[in-house]
Amino acid sequence: MENRKLWFWLNNIEGIGSTKIRRLLEFYGDAENIYKAKENELVKIPGLNEKDIFNIFDEQNKKIINSKYDKYNKDKVTFVFPWEADYPDKLN
């Protein structure tokens, strides 16, 4: 899966906000590694509960988020991620 789609997925997992994303990134380094994570690793991340872990692994959820991303792209909706030049400084 492409990098932008993985970041979209990560930022659209129910119950996973910026604090949990930061913790996941500290442990895994990037969205792709989080996507490929193992359950026995995720239980070690402080602040993640059973529901969070379920939502990360939920294949139906992954399909829904993937579908949303494709629809937004088709409709020419764009996203800006923290590593991109257009990302607002105040959000960093």
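Please refer to the structure placed before this passage.
The structure contained in this document is the topic of the report that follows. As the structure is a prediction and not an experimental result, all values here were calculated from the model.

1. A word on the nonpolar core
Link 1 in the chain: In terms of nonpolar packing, the biggest core is built from 21 residues, with Leu10, Leu24, Leu42, Leu48 and Ile56 touching the most fellow members.
Link 2 in the chain: Contributions of two or more residues to this core are made by helix H1 (3-10), helix H2 (18-28), helix H3 (31-35), helix H5 (50-57) and helix H6 (59-74).
Link 3 in the chain: Among the elements that take part in this core, H1 stands out by supplying 5 residues, more than any other.
Link 4 in the chain: Setting aside residues no more than four positions away along its own chain, Leu24 makes contact with Leu10, Ile16, Gly29, Ile34, Leu42, Ile45, Leu48 and Ile56.

2. Looking at the environment of Asn66
Link 1 in the chain: Within the fold, Asn66 resides in helix H6.
Link 2 in the chain: Expressed as a C-alpha distance, the spacing of Asn66 and Asn12, which sit 54 residues apart in the sequence, is 10.0 Å.

3. Considerations on H6
For the α-helix, the turn length of 3.6 residues means that residues three or four positions removed from each other point alike.
Link 1 in the chain: For H6, spanning 16 residues, the distance from its first C-alpha to its last is 22 Å, which sits close to the expected 22 Å at 1.5 Å a residue.
Link 2 in the chain: Against the buried residues of H6 lie H1, H3 and H5.
Link 3 in the chain: Capping of H6 at its N-terminal end is provided by Asp58; its side-chain oxygen lies 3.3 Å from the backbone amide nitrogen of Gln60.
Link 4 in the chain: Where H6 terminates, the next one or two residues include Lys76, which has phi positive at roughly 65°.

Calculation notes
- Residues numbered from 1 in each chain as written.
- Predicted model: local features only at pLDDT ≥ 70, side-chain atom pairs only at ≥ 80, totals over all residues.
- Heavy atoms only, no water.
- Core = buried A, V, L, I, M, F, W, Y, C linked by side-chain atoms within 4.5 Å.
- Buried < 20%, exposed > 50% of the residue type's maximum accessible area, 1.4 Å probe, protein only.
- Helix = DSSP H or I, 4+ residues; strand = E, 2+ residues; numbered from the N terminus.
- Contact = heavy atoms within 4.5 Å.
- Expected span 1.5 Å × (residues − 1).
- Polar contact = N/O pair within 3.5 Å; in protein donor to acceptor, adjacent residues only side chain to side chain.

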